[in-house]
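# Overview (structure and organization)
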Amino acid sequence: MEFIKELTGYLFGNVSLAFSLASLVYVLLGASVHVLYDVQTRYKLNFNSPIPFDWGYFWKKNKWRFVLNITVAIIIAVCHPVLIGHQLAMIHLFLLGLCFDTMYVVIKKLKNRFTTILNKVIDTFKL
């Protein structure tokens with residue numbers, strides 16, 4: 001019993017396991033709100049997007065997004081009290097989840113735009 005108490009102390013610092021799990025839930029809730037917003041505002045006439053919503057397609061296209069969100073949520077839930085020095089309120093954790101998922105979408109769009117511009121530049125130099 002002493003081993004488990006010491007192990008959780010090392011894993012979660014001075015924060016209880018319950019607070020870390022609640023933090024994880026709120027960060028994932030914030031990320032989920034942004035994902036659901038993206039689903040509602042998707043461009044339905046896009047060639048790659050199915051007209052009736054398909055959960056299989058949704059999970060396939062967003063699997064790395066969810067892996068990244070879960071990883072960031074775990075890191076925030078475990079490390080934020082140690083890094084910041086105090087516990088954040090649940091609303092801050094919700095907003096962090098929202099912001100990290102938004103950053104993923106922005107980085108993905110910038111990568112696609114940069115790739116398109118780079119391909120145009122390469123095509124112009126081909127003779």
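Predicted model, so just to flag it, every value in this text is computed and none were measured.

## A word on helix α4 (residues 63-84)
- Relative to the 32 Å expected for 22 residues at 1.5 Å per residue, α4 spans 30 Å between its end C-alpha atoms, a close match to the ideal helical length.
- Taking the largest bend as the criterion, α4 deviates by roughly 45°, centred on Val 78, and proline Pro 81 comes between one and four positions later.
- Among all positions of α4, only Arg 65, Phe 66, Asn 69, Val 72, Ala 73, Ile 76, Ala 77, His 80 and Pro 81 are buried.
- Taken together, the buried residues of α4 touch α2 (17-40), α3 (55-61) and α5 (90-125).
- Where α4 ends, the next residue or the one after it, Gly 85, has phi of about 100°, a positive value.

## Remarks on the side chain of Arg 65
- Its location among the elements puts Arg 65 in helix α4.
- A distance of 2.7 Å separates a polar atom in the side chain of Arg 65 from a polar atom in the side chain of Asp 101.

## Overview of the nonpolar core
- Counting 6 residues, the largest nonpolar core is built from Val 27, Val 72, Ala 73, Ile 76, Leu 88 and Leu 93.
- For this core, the element with the most residues is α4, which contributes 3 residues.
- With residues up to four places along the chain from it excluded, the contact list for Ile 76 reads Val 27, Pro 81, Leu 93, Leu 96 and Phe 100.

## Overview of a positive patch on the surface
- A cluster of basic residues, Lys 60, Lys 61, Lys 63, Lys 108 and Lys 111, forms a positive patch at the surface.
- Elements with a minimum of two residues in the positive patch: α3 and α5.
- On the secondary structure map, Lys 108 appears in helix α5.
- Lys 108 sits in the partly exposed class, given a relative accessible area of 39%.

## Quick notes on the packing of α2 against α4
- For the pair α2 and α4, the least separation of the axes is 8 Å and the interaxial angle reads 150°. It follows from the interaxial angle that α2 and α4 lie roughly antiparallel. Here α2 runs over α4; the crossing is right-handed. Residues Phe 19, Ser 20, Ser 23, Leu 24, Val 27, Leu 28, Ala 31, His 34, Val 35 and Asp 38 of α2 pack against Arg 65, Phe 66, Asn 69, Ile 70, Ala 73, Ile 74, Ile 76, Ala 77 and His 80 of α4.

## Thoughts on the pattern of salt bridges
- Taken as a whole, this structure holds 1 salt bridge when the rule is applied.
- For Arg 65, the salt bridge identified is with Asp 101, shortest N-O distance 2.7 Å. Residue Arg 65 is located in helix α4, and its partner Asp 101 is located in helix α5; the two are separated by 36 residues in the primary sequence. One exposure class covers both Arg 65 and Asp 101, and it is buried.

About the criteria used
Residues numbered from 1 in each chain as written. Predicted model: local features only at pLDDT ≥ 70, side-chain atom pairs only at ≥ 80, totals over all residues. Heavy atoms only, no water. Helix = DSSP H or I, 4+ residues; strand = E, 2+ residues; numbered from the N terminus. Expected span 1.5 Å × (residues − 1). Bend = angle between axes of the 7 residues up to and from the residue. Buried < 20%, exposed > 50% of the residue type's maximum accessible area, 1.4 Å probe, protein only. Contact = heavy atoms within 4.5 Å. Polar contact = N/O pair within 3.5 Å; in protein donor to acceptor, adjacent residues only side chain to side chain. Core = buried A, V, L, I, M, F, W, Y, C linked by side-chain atoms within 4.5 Å. Patch = residues over 30% accessible without salt bridge, like charges linked within 9 Å, V, L, I, M, F, W, Y side chains within 5 Å. Areas by Shrake-Rupley, 256 points an atom, 1.4 Å probe, with all protein chains shown as cover. Salt bridge = Lys/Arg side-chain N within 4 Å of Asp/Glu carboxyl O. Lys, Arg positive; Asp, Glu negative; His and termini not counted. Charge placed at Lys NZ, Arg CZ, Asp CG, Glu CD. Axes fitted to C-alpha atoms, helices over the stretch in contact; angles between N-to-C directions. Parallel < 35°, antiparallel > 145°, perpendicular 65-115°, else oblique. Left-handed = near helix turned anticlockwise from the far one by under 90°.

So, to be careful, I would describe these as geometric facts and stop short of saying anything about function.
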